[in-house]
Amino acid sequence: MILVTGSAGFIGANFVLDWFLQHDEAVVSLDKLTYAGNLENLASLKDDPRHVLVQGDIGDSALLNKLLALHRPRAIVNFAAESHVDRSIHGPEDFIQTNIVGTFHLLEAVRAYWGGLTAQEKTDFRFLHVSTDEVYGSLSPSDPAFTEEHSYQPNSPYSASKAASDHLVRAYHHTYGLPVLTTNCSNNYGPYHFPEKLIPLLIVNSLAGKNLPVYGDGQQIRDWLYVTDHCAAIRCVLQKGRAGETYNIGGWNEKANLEIVHTVCALLDEFRPRDDGLSYKSQIVFVADRPGHDRRYAIDASKIARELGWKPAETFDSGIRKTVQWYLDNQGWVSNVQSGNYRQWVEKNYTGRS
Ligand code: NAD
Ligand code: DAU
């Protein structure tokens, strides 16, 4: 079996759901169930004997030691993190605690467990750390896309905490020989995406008749990847990746934020036109920029294509249509995540933004 952390969040949940479409190999999920962790994402696995869900913290060494000894996983996939850049600007402490200290405790527990395996089990074991393109910093319009050799230049507390965790993972390979893999992926979108992030926020706000807040001039560029393509890439790296290596994962799909906003509005105009006949574009509002906002991310995903044979299956057109449709079909999921906690966040991040 494998141990997956952060599996009640956006990508972790998609990964576990997708895993069982490909395999019957059991999964133990470890998730702290922060505001971003949602058991409803895994509801279809409630009575599935292949899946065990444990609520807990990757920083809890005693719990980790117990879980590893009990389940004896052949691999760990570490998604658990605080993941939202804006939240890291308002309050970085949880990011330091989970992304750096938590990853350290997880690595320590895994190192002790791995040290007790047989020689063959040790060779076959993998610790796959899921990271982000944000660790590489910001590109100018003419810069080439990030390769795995690009230097680390994180600019937000979030990306700095992810960079620190990547360095720890690397060090555990070089110092202790732990067979690690690191993946650095671009922006994901798709089902179960928490509506604090751009694409689900746009859909949810559009339908609620609220403003569609665009930070700064809306010309920041991100490289978008449909979430199940990211899940397939992680499975591919887990199966075929060389221990100690890092692999960049991206969609070859750079888009300015304003283009994303216009695309989402156009799809909603098609699927669920407003009663007054106006376009959802009329709800767009330009607001104060994110401090330290990275201008452009772009991933060069040729290493994973060349060495492991992975390429994205979804185009942006097909992925974004499916995503908008998923939110229209899952309004109950949306209202359940819009708890008191979520409302407080919206007030904190957007009130007073000129
Ligand atoms: P998310 O915020 O939706 O989910 C994070 C999950 O981790 C939640 O279920 C939360 O409860 C859990 N968690 C948080 N702290 C924990 C702790 N201390 N112990 C155990 N569980 C804890 O995040 P996501 O968007 O699904 O991202 C998952 C991973 O992928 C993160 O490591 C993120 O940095 C990385 N990543 C995300 C993207 C993206 O576009 N969303 C792109 C590249 C990489
Ligand atoms: O690049 C990978 C990263 O992508 C992941 O590591 C992060 O976990 C994930 O959250 C995401 O980070 P971003 O900051 O790029 O995603 P977000 O959805 O928050 O914002 C996308 C872009 O849209 C960014 O340029 C900021 C802008 N934005 C965002 C929000 C929430 C707006 O213009 N308005 C908004 O209201």
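One can find the structure itself at the top, above this paragraph.
Keep in mind it's a predicted model, so treat the numbers as computed, not measured. (Residues numbered from 1 in each chain as written. Chains lettered and ligands numbered in written order. Predicted model: local features only at pLDDT ≥ 70, side-chain atom pairs only at ≥ 80, totals over all residues. Heavy atoms only, no water.)

**Q** Please clarify how the overall build of the protein should be interpreted in this entry.
**A** When helices and strands are counted, the protein shows 13 helices and 12 strands. A compact globule built from 354 residues would reach a C-alpha radius of gyration of about 20 Å, and the protein, at 20 Å, matches this within 12%. For the protein, the spread of C-alpha atoms along the three principal axes comes to 65 × 50 × 40 Å. In the protein, buried positions account for 53% of the 354 residues. Excluding contacts between residues fewer than 6 apart, the proportion of contacts in the protein whose partners are at least 24 apart in sequence is 82%. For the protein, the accessible surface area stands at approximately 14,800 Å², while carbon and sulfur atoms represent 51% of it. (Helix = DSSP H or I, 4+ residues; strand = E, 2+ residues; numbered from the N terminus. Rg over C-alpha atoms; globule rule 2.2 N^0.38 Å. Buried < 20%, exposed > 50% of the residue type's maximum accessible area, 1.4 Å probe, protein only. Contact = heavy atoms within 4.5 Å. Areas by Shrake-Rupley, 256 points an atom, 1.4 Å probe, with all protein chains shown as cover.)

**Q** Help me understand helix 4 (residues 93–115) in this model?
**A** Each α-helix winds once per 3.6 residues, and so residues spaced three or four apart point in a common direction. Across its 23 residues, helix 4 extends 32 Å between first and last C-alpha, which sits within 8% of the 33 Å expected from 1.5 Å per residue. Looking only at helix 4, the buried set comprises Phe95, Thr98, Asn99, Gly102, Thr103, Leu106, Leu107, Ala109, Val110, Tyr113 and Trp114. (Expected span 1.5 Å × (residues − 1).)

**Q** Just checking my understanding: could you explain the packing of aromatic side chains for this structure?
**A** A ring pair, where both rings are aromatic, is described by two values, the distance of the centres and the angle of the planes. One pass over the structure, following the stated rule, counts 18 aromatic pairs. Residues Tyr189 and Tyr226 carry aromatic rings whose centres are separated by 5.5 Å and whose planes lie at 70 degrees to one another, so their mutual orientation is edge-to-face. Here Tyr189 is found in strand 7 (residues 187–189), whereas its partner Tyr226 is found in strand 9 (residues 221–226), with 37 residues between them in sequence. Tyr189 gets classed as buried once you look at its relative accessible area, which sits at 1%. Every member of this aromatic cluster is reached through a ring pair, and the members are Tyr136, Phe146, Tyr152 and Tyr297. Above the ring of Trp345, the side-chain terminus of Arg87 is found at 4.5 Å from the ring centroid. When the ring centre of Trp114 is taken as origin, the NZ or CZ atom of Lys122, which lies over that ring, is 5.0 Å away. (Phe/Tyr/Trp six-rings, centres within 6.5 Å; stacked < 30°, edge-to-face > 60°. Lys NZ or Arg CZ within 6 Å of the ring centre and 35° of its normal.)

**Q** Which parts of the structure should I look at to understand the site of ligand 1?
**A** If you check the shell around ligand 1, you find 28 residues, and the closest are Ile11, Asp31, Ser83, Tyr158 and Lys162. A total of 830 Å² of accessible area belongs to ligand 1 in isolation, and the protein chains cover 97% of it. At the level of secondary structure, the elements contributing two or more residues to the shell around ligand 1 comprise helix 1 (10–22), strand 5 (126–132), helix 6 (157–176) and strand 7. A class-by-class count of the residues in the shell around ligand 1 yields 12 nonpolar, 12 polar and 4 charged. (Near = heavy atom within 4 Å. Nonpolar A, V, L, I, M, F, W, Y, C, P; charged D, E, K, R; others polar.)

**Q** Is there a simple way to think about the sheet that holds strand 11 (residues 254–256) in this case?
**A** Backbone hydrogen bonds are what pair the strands of a sheet, in a parallel or an antiparallel way. Read from one edge of the open sheet, 3 strands run 7-9-11, paired in mixed fashion. Across the chains shown, the open sheet's two edge strands, defined by having one partner strand only, are strand 7 and strand 11. Ignoring which end each strand starts from, the neighbouring axes of this sheet average 50 degrees apart. In this structure, strand 7 lies alongside strand 9, joined through 3 bridges in parallel fashion. Each bridged residue has a counterpart across the sheet, and for Asn187 the counterpart in strand 9 is Trp224. Here helix 8 (residues 227–240) sits on the sheet and contacts strand 7 and strand 9; the angle it forms with strand 9, its principal contact strand, is near 75 degrees. (Pairing = 2+ DSSP bridges. Axes fitted to C-alpha atoms, helices over the stretch in contact; angles between N-to-C directions.)

**Q** Can you help me understand the pattern of salt bridges in this one?
**A** When the charged atoms of two side chains with opposite charge come close together, those side chains can pair. Under the criterion given, the structure shown has 18 salt bridges. Measuring nitrogen to oxygen at the nearest pair gives 3.4 Å for the salt bridge that ties Asp57 to Lys32. A residue pair is termed long-range when its members are at least 10 positions apart, and Asp57 in the loop between strand 3 (51–55) and helix 2 (61–71) and Lys32 in the loop between strand 2 (27–31) and strand 3 qualify at 25 residues. Relative accessible area serves as the criterion here: at 25%, Asp57 is assigned to the partly exposed category. One salt bridge connects Arg50 with Asp48, and the closest N-O pair in it is separated by 2.7 Å. Taken together, the salt bridges that share partners define one network made up of Arg242, Glu245, Lys303 and Glu307. (Salt bridge = Lys/Arg side-chain N within 4 Å of Asp/Glu carboxyl O.)

**Q** Just to check I follow, could you spell out empty space enclosed by the protein for this structure?
**A** Taken as a whole, this structure holds 3 cavities of 30 Å³ or more when the rule is applied. Put simply, the second largest cavity is a space of about 60 Å³. In terms of residue class, the lining of the second largest cavity is made up of 4 nonpolar, 4 polar and 4 charged. (1 Å grid on protein atoms, 1.4 Å probe; cavity = no way out; pocket = protein on both sides within 12 Å on 5 of 7 lines; lining within 4 Å. Points joined across faces, edges and corners; volume = space filled by probe spheres on them.)

**Q** Got a minute to help me understand the site of ligand 2 in this structure?
**A** Near ligand 2 you find 24 residues, and of these Asp133, Tyr158, Arg290, His293 and Tyr350 are the closest. The backbone of Leu198 places a nitrogen or oxygen atom 2.8 Å from an oxygen atom of ligand 2. Between an oxygen atom of ligand 2 and a side-chain N or O atom of Arg222, the distance comes to 2.9 Å. If ligand 2 stood free it would expose 680 Å²; the protein chains cover 94% of that surface. Secondary structure elements with two or more residues in the shell around ligand 2: helix 7 (198–207) and strand 8 (212–215). Split into classes, the residues belonging to the shell around ligand 2 amount to 10 nonpolar, 8 polar and 6 charged. (Polar contact = N/O pair within 3.5 Å; in protein donor to acceptor, adjacent residues only side chain to side chain.)

**Q** Please clarify how the side chain of Asn188 should be interpreted in this entry.
**A** Topologically, Asn188 is positioned in strand 7. A relative accessible area of 7% places Asn188 in the buried class. Looking at Asn188, its side chain comes within polar contact range of the main-chain oxygen of Ser186, at 2.9 Å. Within the structure, Asn188 has its side chain in polar contact with the side chain of His230 (distance 2.7 Å).

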